Protein chains: 2
Amino acid sequence: MSDVGRMAGVSAQTVSRFFTGTGYVGEETRLRIQHAIDALGYRPNRIARNLHVSRTDTIGVLTVGDFNYGSAQTLTGMSAGAQDADVALITTHLEQGEMPRPRQVQVAIERMISMRVDGIIISARIEGLEGILVETVRDDVPVVVIAGRPDTSVDSIVADSFTAGSLVMQHLLELGHRSIVYLAGPVDSDESRERERAYHRAMSRAGIPALPIVAGGDWTSIAGYNAGLQVEFSSFTAVFAGNDELALGFMAAARERGHSIPDDFSIAGVDDMPEARFFAPALTTARLDFSALGRGAFDMIRRRVDTGEPQDRILVAPQLVVRRSTAALSTR
Amino acid sequence: MSDVGRMAGVSAQTVSRFFTGTGYVGEETRLRIQHAIDALGYRPNRIARNLHVSRTDTIGVLTVGDFNYGSAQTLTGMSAGAQDADVALITTHLEQGEMPRPRQVQVAIERMISMRVDGIIISARIEGLEGILVETVRDDVPVVVIAGRPDTSVDSIVADSFTAGSLVMQHLLELGHRSIVYLAGPVDSDESRERERAYHRAMSRAGIPALPIVAGGDWTSIAGYNAGLQVEFSSFTAVFAGNDELALGFMAAARERGHSIPDDFSIAGVDDMPEARFFAPALTTARLDFSALGRGAFDMIRRRVDTGEPQDRILVAPQLVVRRSTAALSTR
DNA sequence: TAATCAAGGCCGACATCAGTT
DNA sequence: AAACTGATGTCGGCCTTGATT
């Protein structure tokens, strides 16, 4: 910076003013400085700046597990927000290994704080997160959590899985189905549990005994496929799948075993990933706008950073999309 | 830091040594310092550190366009590398809008350099990238590009689309197909063009006139679907789809129009996304290991940062996965 | 008085070198 | 000599104060 100043015949302080816009810089001086910057190929050092300034225009993002449609879209949404706000995202991605995850999370957060991020978005359900937050974050930095369960003390945003499940269940019930089974996602997923809760409530409200939950284990199509290989097809007429991928795998297994959809049973998922409408048959599903979710999370952390005030929990509303995989129960 | 020193009864300098591991710190002093750190909840400020140290342990990642299976997996791979190497990723995601993209890219790179990243990974084909690199990066920071065309002057890594295409074409030809059509991805995509090149070479080597390219427009299943609505089905017996998603959409359109696969025609894609094996029918495809691609890109930029030497271009090898969507040409 | 610019201190760490047991 | 520790200067900006036109 002093080089630039020297070349432009002014002090380094004036060059600083040139960049920050603080104080006055003469028109002619401004030109000379700009000229010197170009000539020298000078680039301001954000690090030095951030040492002084409290805000770094940087948000930390923590994600866990493989990117599926939902999490990738969520990240896209956050990135869009960051782009618009001219903020940099520092992303840390943790695998879902057997390693002591809480420790990893702690280390990751610790480093983000070390880098003086303005805020942190945690885009995953993490076991014992509250404890980590209390112990590690200690209000040093605002945190927004994208997670199913309303964590009491933290700002949070989430796709409304319960309503999504309710929409699907209502649809299946209206079609006349009574033997409905829930194909679950990961057991430790709030989203899956919320959808399951919707399942149970819908069943009990309809006065139908709930069927045993079919466990997928994770959100992948493979899990759905494996579930479909083991399940007893005579026990149900409709499947509520925790997400579209599970539904896809399940349908493939059903096909292999000689069952046709929706003639033999109906099936519906959650998410409405772009591929869902091209499944065979096209999948009925509850659409979730993950891009808006990510965007919302980013906006939320920003507001929190700006105002310092706690933010109201946000639920991203689902929308039922009816396609060919669900049909009225045939009276056979 | 000086607070910690004061509390532990030592100078700030000794505390610094405590963290960096440089020089000697007495056993007992070490304990006192650790104690003070815990008591004060002190966290070292990486920003201040980076002001001094040349390496920031930070890599910038630039991505463009929506996350599909490939790009999401690539990001996962890079993140895994970063996690292992204890490096932070600063990600910037640009939408594929009509905005003057080169300008956006330039701004994004400029900011990364301002943040003093150790290196930059550009995970996309970008129009006029070489110019931007020359003009903006100016050797200030190493760059690795994930892109289809061997950019002469830059380190690069890419999935071997040409071989992938060749594998698929060889498979289709061996099945007896001669009327094969290529369902293209984005016109400005090197990957799609490489696959198309493989198509043309395979056809000419087999002494068969190439059929007109069917344009998808982008990589999405919707593009494949639209193409499938317009195409003349009597003109081919096999389809080489630029990727799995295009194939999915195309199959859905074919189904709608009363064609069955692989009886009426065969189809194969590229990628082997996890869903591909559950398509109806299961999709033959050339598997690409995007996770390894991302991992390789990260390792490459690290080596470049460490050694300063140009890295050899890496091609990630594909692998043919034969499933039910392709069958021998029936002699009708 | 208003516009413009310079000097010096400081942010929080680290390197160097000198000093102490 | 070896193990340890402290003082000083520096990284590259920004802020405050004060001087100059």
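Values in this document were obtained by computation on a predicted structure and should not be read as measured data. (Residues numbered from 1 in each chain as written. Chains lettered and ligands numbered in written order. Predicted model: local features only at pLDDT ≥ 70, side-chain atom pairs only at ≥ 80, totals over all residues. Heavy atoms only, no water.)

Peer 1: Can you tell me about the overall build of chain A, naming the residues and giving the values?
Peer 2: The number of helices and strands found in chain A is 12 helices and 12 strands. For chain A, whose C-alpha radius of gyration is 26 Å, the value lies well above the compact-globule estimate of 20 Å for 332 residues. The buried share among the 332 residues of chain A stands at 56%. With the model as given, the accessible surface of chain A reaches about 14,200 Å², and the carbon-plus-sulfur share is 51%. When the 33 positive and 41 negative side-chain charges of chain A are each reduced to one mean point, those points stand 3 Å apart. (Helix = DSSP H or I, 4+ residues; strand = E, 2+ residues; numbered from the N terminus. Rg over C-alpha atoms; globule rule 2.2 N^0.38 Å. Buried < 20%, exposed > 50% of the residue type's maximum accessible area, 1.4 Å probe, protein only. Areas by Shrake-Rupley, 256 points an atom, 1.4 Å probe, with all protein chains shown as cover. Lys, Arg positive; Asp, Glu negative; His and termini not counted. Charge placed at Lys NZ, Arg CZ, Asp CG, Glu CD.)

Peer 1: A description of the protein's contact with DNA strand D should follow, citing residues and the corresponding values.
Peer 2: Inspection of the region around DNA strand D gives 24 residues, with Y42 and H52 of chain A together with T14, G26 and T29 of chain B positioned closest. Looking at DNA strand D alone, sugar and phosphate atoms form 58% of those within 4 Å of the protein. At 2.8 Å from a base nitrogen of DNA strand D is found a side-chain nitrogen or oxygen belonging to H52 of chain A. Take T14 of chain B: an N or O atom from its side chain is 2.6 Å from a phosphate oxygen of DNA strand D. Within the residue set of the surface near DNA strand D, elements represented by two or more residues are α2 (12–20) and α4 (46–52) of chain A together with α2 (12–20) and α4 (46–52) of chain B. A per-element tally of the surface near DNA strand D places α4 of chain A first, with 4 residues. For the surface near DNA strand D, the class distribution of residues is 9 nonpolar, 12 polar and 3 charged. (Near = heavy atom within 4 Å. Polar contact = N/O pair within 3.5 Å; in protein donor to acceptor, adjacent residues only side chain to side chain. Nonpolar A, V, L, I, M, F, W, Y, C, P; charged D, E, K, R; others polar.)

Peer 1: Pulling in residues and values, what's your account of the relation of the copies chain B and chain A?
Peer 2: Between chain B and chain A, which share one sequence, the superposing operator has a rotation angle of 180° and an axial displacement of 0.0 Å; the RMSD is 0.1 Å. Between the two chains, the operation in question is that of a two-fold axis. By C-alpha distance to the rotation axis, the residue of chain B lying nearest is I90 of chain B, at 2.2 Å. When the interface residues of chain B are mapped onto chain A, 100% of them again fall at the interface, so both copies present the same face. (Least-squares fit on C-alpha atoms with pLDDT ≥ 70 in both. Contact = heavy atoms within 4.5 Å.)

Peer 1: Account for the interface of chain B and chain A, naming residues and giving values.
Peer 2: Buried accessible area, meaning the area lost when the parts come together, often serves as the stated size of an interface. Each partner contributes to the interface: chain B provides 54 residues, whereas chain A provides 54 residues. The contact between chain B and chain A buries some 4,800 Å² in all, and 56% of this surface belongs to carbon and sulfur atoms. On the chain B side of the interface with chain A, the three residues burying the most area are R43, I47 and F278 of chain B, jointly 18% of the side's total. Between chain B and chain A we count 6 salt bridges in total. (Buried area = accessible area lost by both parts, 1.4 Å probe. Salt bridge = Lys/Arg side-chain N within 4 Å of Asp/Glu carboxyl O.)

Peer 1: How would you explain the packing of α2 of chain A against helix α3 (residues 27–40) of chain A if you had to name every residue and give the values?
Peer 2: All names here are of chain A. Where α2 contacts α3, the axes come no closer than 11 Å and their chain directions differ by 90°. In this view, α2 runs roughly perpendicular relative to α3, as classed from their interaxial angle. Contact residues: T14, V15, F18 and F19 in α2; T29, R30, I33, Q34 and I37 in α3. Partitioning the contact of α2 with α3 into residue classes produces 5 nonpolar, 3 polar and 1 charged. (Axes fitted to C-alpha atoms, helices over the stretch in contact; angles between N-to-C directions. Parallel < 35°, antiparallel > 145°, perpendicular 65-115°, else oblique.)

Peer 1: Outline the domain arrangement of chain A, listing residues and values.
Peer 2: Segmentation of chain A into domains returns domain 1 (2–44), domain 2 (58–159 + 290–316) and domain 3 (161–288 + 320–331). Centre-to-centre, using C-alpha coordinates, domain 1 of chain A lies 64 Å away from domain 3 of chain A. (Domains from an automatic or database assignment.)

Peer 1: Pulling in residues and values, what's your account of helix α7 (residues 129–137) of chain B?
Peer 2: Residue and element names in this part refer to chain B. Within α7, burial applies to L129, I132, L133, T136 and V137. The buried residues of α7 occupy an angular sector of 100° when projected down its axis, which confines them to one face. The exposed residues of α7 that point more than 90 degrees off its buried face are V134 and E135. The secondary structure elements touched by the buried residues of α7 are α6 (101–114), β3 (119–123) and β4 (143–146). Just downstream of α7 lies R138, where phi reads positive at about 50°. (Arc of directions from axis to C-beta.)

Peer 1: Now, about the protein's contact with DNA strand C: what can you tell me, with residues and values included?
Peer 2: Close contacts around DNA strand C come from 23 residues, with S11, Y24, G26 and T29 of chain A together with Q13 of chain B the closest. Sugar plus phosphate, as a fraction of atoms of DNA strand C within 4 Å of the protein: 56%. Note that a phosphate oxygen of DNA strand C is positioned 2.5 Å from one of the backbone N or O atoms of G26 of chain A. In the environment of DNA strand C, a phosphate oxygen lies 3.0 Å from a nitrogen or oxygen atom belonging to the side chain of S16 of chain B. Only α2 and α4 of chain A together with α2 and α4 of chain B provide two or more residues apiece to the surface near DNA strand C. Per element, the largest residue contribution to the surface near DNA strand C is 4 residues, and it comes from α4 of chain B. A breakdown of the residues in the surface near DNA strand C according to their chemical character gives 9 nonpolar, 11 polar and 3 charged.

Peer 1: Mind laying out the sheet that holds strand β6 (residues 180–184) of chain A, listing which residues take part and the relevant values?
Peer 2: Either a parallel or an antiparallel arrangement is found when strands of a sheet pair, and the pairing is made through backbone hydrogen bonds. Residues and elements named next belong to chain A. Taken together, 6 strands build an open sheet; the order of strands is β7-β6-β8-β9-β10-β12 and the sheet is mixed. The open sheet is flanked by β7 (214–215) and β12 (319–321), the only strands paired with a single partner. In this sheet, strand β10 (residues 284–287) lies alongside strand β9 (residues 266–271) in parallel orientation, the contact comprising 4 bridges. The partner of A268 across the bridge, within β10, is T284. Together, β6, β8 (238–241), β9, β10 and β12 form the strand contacts of helix α8 (residues 161–174), whose direction differs from that of β8 by roughly 170°. (Pairing = 2+ DSSP bridges.)

Peer 1: Would you mind going over the environment of R55 of chain A in detail, with residue names and values included?
Peer 2: Residue and element names in this part refer to chain A. Looking at where R55 falls in the secondary structure, it is placed in the loop between α4 and β1 (58–64). Classification of R55 as partly exposed rests on a relative accessible area of 27%. In terms of polar contacts, R55 uses its side chain to reach the side chain of D306, at 2.7 Å.

Peer 1: Tell me about the pairing of β10 of chain A, residues and numbers included.
Peer 2: When β10 of chain A meets β12 of chain A, the two strands line up antiparallel, connected through 3 bridges. Looking across to β12 of chain A, one finds that R287 of chain A is bridged to Q319 of chain A.

Peer 1: Got a sec to walk through the packing of aromatic side chains? Specific residues and values, please.
Peer 2: The full count for this structure, using the stated rule, is 24 aromatic pairs over all chains. Ring geometry for F19 of chain A against Y42 of chain A: centres 5.8 Å apart, planes inclined by 45°, an arrangement best described as tilted. Remark: Y42 of chain A occurs in the loop between α3 and α4 and F19 of chain A occurs in helix α2; sequence separation between them is 23 residues. The class of F19 of chain A is partly exposed, set by a relative accessible area of 35%. A centroid spacing of 4.9 Å and a plane angle of 35° characterise the contact between Y225 of chain A and F278 of chain B, whose relative ring orientation is tilted. Pair noted here: Y225 of chain A is in helix α10 (residues 221–230) and F278 of chain B is in the loop between β9 (266–271) and β10 (284–287), and the two residues belong to different chains. The exposure class of F278 of chain B is buried, given its relative accessible area of 2%. For R277 of chain A, the ring lying beneath its charged end belongs to Y225 of chain B, and the centroid distance is 5.0 Å. (Phe/Tyr/Trp six-rings, centres within 6.5 Å; stacked < 30°, edge-to-face > 60°. Lys NZ or Arg CZ within 6 Å of the ring centre and 35° of its normal.)

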